[in-house]
Every structure is written in C-alpha cells, then in structure tokens.
Amino acid sequence: MEPAAIAKVLIVTAFSTCAISLVMVAVVRWLAHKVGLVDRPDPTRKLHRGDIALGGGIAVLASVVLSGCLAHWYVAPEFGLEGLPWSGRWTALLVASAAMVLLGVVDDRFALRGKQKLVGQMAIVFGLAIAWQPSGSIFIFGFPIELGVLAIPLVMLWLLAAINAVNLIDGADGVAGSFGVVASAGIALVAFINGHATVGVVVIATGASLAGFLCFNRPPATIFLGDAGSMLIGLVLGTLACWSTEQGGAPQNILIPIALIGVPLFDSAVAIVRRVLTGRSIYMPDRGHLHHILGAQLNARRLSPMWMMAAFGCLSMLTSIGAVVGTVFANDAFALLSIALLVSGLVWSRTFGHAEARLLASHTRRVGDRLVSKVRKIKPKAHVSGVPLQGNRQWDVVWLPLVEFATKNGVAQLKLDLNMPWQHEGYHGLWSCGSMPDKAEQWSIRLPIICHSRKVGRLEIIGEAEGESQLESLEAFSYLIGELQPAIEQLVCSLSIVHTDEPHSVPAPVIRAVVAR
C-alpha cells in the first residue's frame, strides 16, 4: 500500500470514528438510563454520586465497526486503495469482541460471580486463539523458545491477562480510556513500522473511538465503560499488540506487547501479590489499585481528578515509547528498560507497589529461613511483619500486643488482616514461630472483625493442641481482645462511619469467632 494513501485513510478514519463515537455514546447513555443499565453507588467501593449509565463498551464497539466499514468500502477506494485486507482471524476478533461486550453487559446488569465471568472469558478467547494460529515459538533478547502445543494455551493466558488487567484499572473516571488512547497510538506505530497497515488502521479507530468516549467519561463522568467496555479494550489491545509485532513465521516477540500494555499488567500483578500474600480471595475487590492510590494522593494535595488521566497517560506513554524504540532498533531491551523504569519508579517513590514489595520480601525471608533451618536441622526463627497496605493509621497499637501475646503463649501463627476500601485503609500483620504443627495437631480460630455492620478485617490464630494449655491460651486471648477493644474502636469504627445527611451513633465493634473443627 502507498504510504500517502494509508496516511489519508488514517486521518479520515480517526476523525470519522471520533465523530461517530460522540453520537453513539450519547445515544447509549440515554438508552442505558431508560433500561436501567446503570451503576449505583454503594458505601464500600463505588463512591460516585448518583446513578451513572453503563454500556460505554457498546458505543465503542459500534463506533469502531461502523468506521471500519466506512474505511473499507468508501474511504480506502477514495484514495486509490481496493480496501483493507481481511482474513478469517479478523472475523474471529470481531465475533470475540461482540461476545465479550455481551458478556460484559450481562455482568453489568446481573453482577456475575468472578468464576462465572472467567469461564465466559475463557470460552471467548479459546475461539479467538484457534483462529489466531499463533507462531509456535517466541523470542526474548534474540533467543528463540519453541512452544509447540503450548502456543494456544499461552495465547489464551495472555488474552485473559490483558482483559482482566484493563478491567481492573477501570475504577476511576477516564483512566481506562486515557490508557487506551495512548496504548492504541503505541500499537499503531509498532504496526506501521512492521508493515501491518490493517492493524494500524483498526487500532487507530479504537483509539479515536475511546477519545470520543472520554468526552463523556472524563471527571465527572456521565457514562462508564462498564465491564463490557473494559474487557473489550483489553481483548482488542491485547490481540493487536501481538499482531503488530508479527514477522511472518518468525518467532513472536513478547516483550514489545508486554510493554505496550505494561501499566495495567503491573497493576494486576501487584493486586495478585497483595491478595495472595494476605490470604484474601483473588476475586475480592479492593481499593488498592494504582488509580485508587493516585486518587487518594491527588485528593490529599487538593488536585483536580483530571490529573489522574494525565498521570495514566504519561505512564502508558513511557512503556509505549520503550516498545516503539525497541521495534525501530529491533532490540527488545528498550521495552524491558521501559517496564523496569515504570516498576522501579513507582515502587521506589512509594507511589504504588511499595507495600506489596515489603509483603513479598517478608514472605521470601520467611520461606528462606524455613528452608535453611531444614537443611541445617536447626530450630527455625520466629518471623514477624506488619505492613501498612494503605492509609496512615497507627495499626501497630493493635498489632504489637497481639504479637506479644503470640510470643508468650506458644502460638504457632497469628494473622491480622484489615481492609477498609471505603476509607483507603488497609493493614496486614503476620507472626509465625517458624515451624507449624501438623494439621491433625492444630487448633485454629478465625475472627471476623465487624464494625458498624461492616466486616473490616479478620484475625486468625493457629496453635498446637496440647491438652489444657490450649484452653489457657484461649482464655488469655479472649482477655486480650477485651483489653484491645478501645483501640480497635478508635481505629476502626472512626473510619467506618457512612457519610450521610443524618446523624447516627457509632456502635462498638463486634468480633465474632468461628472455631475451626
């Protein structure tokens, strides 16, 4: 294709897609309120005011499809081109995109469980992966790695990671959209450098559609992408990021696509580390994501929410530049460098990921000490850590007396996990004597901590069954909880007040025990 003709097609496609998007978003917003497809606030995580229309993903997909048809049948022939090349896998991507939007609309309307949504995602990406026919090998720093039968599963894993990563960052006005616009530009540049004109045109249309959507989604938003939109963006950008780097039958470069979607992937990785190491469910939502942390910091500095969009745009631009430069010089070390700068910059500045890095380091030390003690056949060291995950409350006032109790009463393990997303507060404490008794010889207690009708955390304790000594430990533990009641009330209940126009009293915290059998 002639570069001049392609450039003209791109310009016309971008402007027409943005115009179509403006109209489609307005129509979908009106229809969403009519049919009740809205996001209602709750006192825990969704803190926006009033009902906000969902279904932004429907408008984005419709805009891209309409502009794609316009570019293929009218714009391209107008500039001397026969049309955009089309193949079976493009049809598969279109069908998968429509199915993903449908799945997202069902989730937005009826709130599917995490496992149900994951099964639907897996079915959709399986069909796309089969039609994709990916390369049977990848390369990192020029070294090829043969995948063989693992190619399809790895493609599915990649797409699932991209879909859910973008889905997770869609928690603040304009965040997912601003990331999508910048990432689309980066993917388009990589695609044109590698000679994939169709990929470039489609991803530019996607970015232009998101730009039109941002006119309604910027703070304060009047419509949200919903799961339909965020999962659609993850699917499309995840797919096109890989297609933009293909070189015939040559091994697939993987660092360039990772860099192009680096920001949401890093946010997801941090969330997984946080939830796994604190013992929370992988599906448990929280407000510990990058946009939540940045939002709290911007709010503390009394800065406009628009700075959030700018921050995400700049972070996405950093990794996209690394991907583009790596493509130009055929050296994926530039992509890796951009990812390293993103991760190290956020963690080192304690902007995001620092608490999770401390959790990971503490867990690594504990596992290492156990391995060393087994090799040397010595008694393992006791391990203690208290990590503030969010906020600045002095949770050590509660945690340190619990550690002292565990040390003096022969407890094997003690965990305190506090999670108050509506107040951006979280804390995780772990004490371990180093060696755990066999499960058959354990006793354990799980204590949900409930304040103002909300579960704000849990306390778990494990000990060794040794006759009457365990009863003494339980008696001492019950006494300690009573002594800590005022501190828990001050730190927990003062945070859990629901802000309403009517005054209400603050009840004392309720600590309910469930004895494991």
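Here the structure is a predicted model, which means the values were calculated and not measured. (Residues numbered from 1 in each chain as written. Predicted model: local features only at pLDDT ≥ 70, side-chain atom pairs only at ≥ 80, totals over all residues. Heavy atoms only, no water.)

The next subject is the packing of aromatic side chains. For the structure shown, the criterion picks out four aromatic pairs. Measuring from centroid to centroid gives 5.8 Å for W132 and W243, while their planes differ by 85°, and the two rings are edge-to-face. Linking W132 in helix 4 (residues 114–132) with W243 in helix 8 (residues 226–243), this pair joins segments that are 111 residues apart in sequence. Overall, W132 belongs to the buried group, its relative accessible area being 4%. For W243, a relative accessible area of 0% puts it in the buried group. With a centroid separation of 5.7 Å and an interplanar angle of 90°, the aromatic rings of F266 and F352 are classed as edge-to-face. Residue F266 is found in helix 10 (residues 262–277), and its partner F352 is found in the loop between helix 13 (333–348) and helix 14 (354–376); the two are separated by 86 residues along the sequence. By relative accessible area, which is 13% here, F266 ends up buried. (Phe/Tyr/Trp six-rings, centres within 6.5 Å; stacked < 30°, edge-to-face > 60°. Helix = DSSP H or I, 4+ residues; strand = E, 2+ residues; numbered from the N terminus. Buried < 20%, exposed > 50% of the residue type's maximum accessible area, 1.4 Å probe, protein only.)

In this section: the pairing of strand 3 (residues 137–140). When strand 3 meets strand 4 (residues 143–146), the two strands line up antiparallel, connected through four bridges. Of the residues in strand 4, the one forming a bridge with S137 is E146. Between strand 3 and strand 4, which follow one another and run antiparallel, lie two residues, and F141 among them has a positive phi close to 55°. By the bridge criterion, two bridges tie strand 3 to strand 5 (residues 252–253) in an arrangement that is parallel. Directly across from I138, in strand 5, lies its bridge partner Q252. (Pairing = 2+ DSSP bridges.)

Bringing the sheet that holds strand 3 into the picture now. Strand order in the open sheet formed by three strands is 4-3-5, and the pairing between neighbours is mixed. Edge positions in the sheet fall to strand 4 and strand 5, since each of these pairs with one other strand and no more.

Here we take up the packing of helix 3 (residues 88–110) against helix 4. Packed helices, taken two at a time, are described by the angle between their axes plus the distance between the axes. For the pair helix 3 and helix 4, the least separation of the axes is 9 Å and the interaxial angle reads 175°. Relative to helix 4, helix 3 is oriented roughly antiparallel. Touching R89, A92, L93, A96, A99, M100, L103 and D107 of helix 3 are K117, G120, Q121, I124, L128, A131 and W132, all from helix 4. Looking at the contact of helix 3 with helix 4 residue by residue, the classes come out as 10 nonpolar, two polar and three charged. (Axes fitted to C-alpha atoms, helices over the stretch in contact; angles between N-to-C directions. Parallel < 35°, antiparallel > 145°, perpendicular 65-115°, else oblique. Contact = heavy atoms within 4.5 Å. Nonpolar A, V, L, I, M, F, W, Y, C, P; charged D, E, K, R; others polar.)

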